[in-house]
Amino acid sequence: MAERALLESYLICHECSEIFRDPVSLGCHHSFCSSCLQKRWEQAKNKNCPICKRKSSMDEPGPNLLLKKMSDSYVGIQRTGTSEIEMGERKLMLVCSEHQEEPKFFCEDEDRAVCPVCKFSPHKSHKVVPIKQKVSDLKDQLKSDLKSLQDKRDKYKQVEKTYDEMSQHSKKQLFRAEFNKLHQFLKEEEESRVAALREEEEQKGKTIKREMKMIQKQISSLSDSISAVEEELQKHMVPFLSSYKDTQSRARVQCSLSDPQLVSGTLIDVAKHLGNLSFRVWEKMRVKVHFSPVVLDPNTAGHCLRLSDDLTSVREGHKNQQLPDNPERCTNYANILGSEGFSSGEHSWEVEVGDHPRWNIGLANESIDRKGKRYATPDCGVWCLWHGYGKYTNGDGRTVTVKKSLQRVRVQLNYDKGEVSFYDSEDMSHIYTHRDTFTEKLFPYFFIGEAGDAKTAEIKICQTEISL
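Residues numbered from 1 in each chain as written. Predicted model: local features only at pLDDT ≥ 70, side-chain atom pairs only at ≥ 80, totals over all residues. Heavy atoms only, no water.

## Side note on the overall build of the protein chain
Reasoning step 1: For the protein chain, the count of helices and strands is 11 helices and 20 strands.
Reasoning step 2: Looking at the protein chain residue by residue over its 468 residues, the buried ones come to 45%.
Reasoning step 3: Within the protein chain, contacts between residues at least 6 apart in sequence are counted, and of these 65% link residues at least 24 apart.
Reasoning step 4: For the protein chain, the accessible area works out to roughly 25500 Å², and carbon and sulfur atoms hold 46% of it. (Helix = DSSP H or I, 4+ residues; strand = E, 2+ residues; numbered from the N terminus. Buried < 20%, exposed > 50% of the residue type's maximum accessible area, 1.4 Å probe, protein only. Contact = heavy atoms within 4.5 Å. Areas by Shrake-Rupley, 256 points an atom, 1.4 Å probe, with all protein chains shown as cover.)

## Focus on unusual backbone geometry
Reasoning step 1: If you check the backbone angles, aspartate 22 has positive phi at about 50 degrees while not being a glycine.
Reasoning step 2: Secondary-structure assignment places aspartate 22 in the loop between α1 (2-11) and β1 (23-25).
Reasoning step 3: Despite not being glycine, leucine 311 has its phi angle at roughly 65 degrees, a positive value.
Reasoning step 4: Secondary-structure assignment places leucine 311 in the loop between β8 (305-307) and β9 (313-316).

## So, the pattern of salt bridges
Reasoning step 1: Counting across every chain of the model gives 19 salt bridges.
Reasoning step 2: Measuring nitrogen to oxygen at the nearest pair gives 3.0 Å for the salt bridge that ties glutamate 18 to arginine 21.
Reasoning step 3: With a relative accessible area of 43%, glutamate 18 lands in the partly exposed category.
Reasoning step 4: As a salt-bridge pair, aspartate 325 and lysine 371 come within 2.7 Å of each other at their nearest N and O atoms. Of the two residues, aspartate 325 is situated in the loop between β9 and β10 (335-337) and lysine 371 in the loop between β12 (359-365) and β13 (382-388); the sequence distance between them amounts to 46 residues.
Reasoning step 5: Each of the salt bridges in this network shares a partner with another, and the network as a whole consists of Glu350, Glu352, Arg408 and Arg410. (Salt bridge = Lys/Arg side-chain N within 4 Å of Asp/Glu carboxyl O.)

So this is what it looks like as structure tokens:
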């Protein structure tokens, strides 16, 4: 241990490199074993100090009783076993090698502990503070580093927990609802789709495992550093001063690590596999099929929303589901986005709202805040038609007049012209048009509140018949 090596350095004779036996001290304050000093003097034929070469005025150097007591104690403790040695190291007080005084001060200029005699001689002009004050200040710094390490570890653990939830959720996602409807004549197609799903599941699983392995490695490293800091804080003053720097340096390096971030796209892309499934499969059979111009993305759905198996309708489910907080998910409101965005051209779809009392439909920027609080306004990247409390507004607080209660609404986007328009699908009468400049991909946007006593519990994207 570092403390043991430091302690022994004070108790080792310069001549024989062993623990002092009957130590004596010269006028220059250097100490030696009595027999070692006599032998050296006989060989050199003078009585100079073997270290500083100063001529000794003593024929018989005086015994150093304090150093003898410490040396004898240390040798005795060594013979009793490791545990007692460690206890002895804590009990033995380190002393100044020159004055055999306990260090009670800390020299800021030379970054080391000094005894009271040193303070008033070689360190007289230096900045010297009480050693207790210095140790207290350094431990306060290290405690702050410890808190930063613990906070960093907590963040990594939270990301690890979310990855685990995402992994479990991926295993629960259903992929065969549409296949069951077509199972009689789509067995081969079903097997093909399941194979693609499993391949993607394996790829996404590898991504999550890789990220979790990194997270767990960082947690382990942070935990080791926390243990090291906690152990350092328990040390006595002088041993602490001799070893705190490495521990603090390691702690601060790890405190500077960037916070862990969840990687987008780690959930199974359900919409890719289930969206427009009927159309894609039946296209091969050259028959009339139903096509949905917009497919909902379950990976963006708020926790309280429930989706149909074909991902074309959504309702408010009253109770929150246990869903992973992946980066794509809208967590603060009952929102869901379409699975595909638009960055050019003209696009349209119809939404059946019936007598549902609270809904909001339109388009939103890909970059909208999906976690915090925001308004469904153009300033926040949402262009919509809002219905609630018996009235319609443009989402920017302005009331929109309609001839009669809307049952089905047509949403129309002309990206290049910067227009989002809404029409009553029954007679194609114009309701309202947002005009803006779009700079990023737009996604179909939906909000649905509680249905209450309304007959229409869900809002539904209307399918389109296409003759192939």
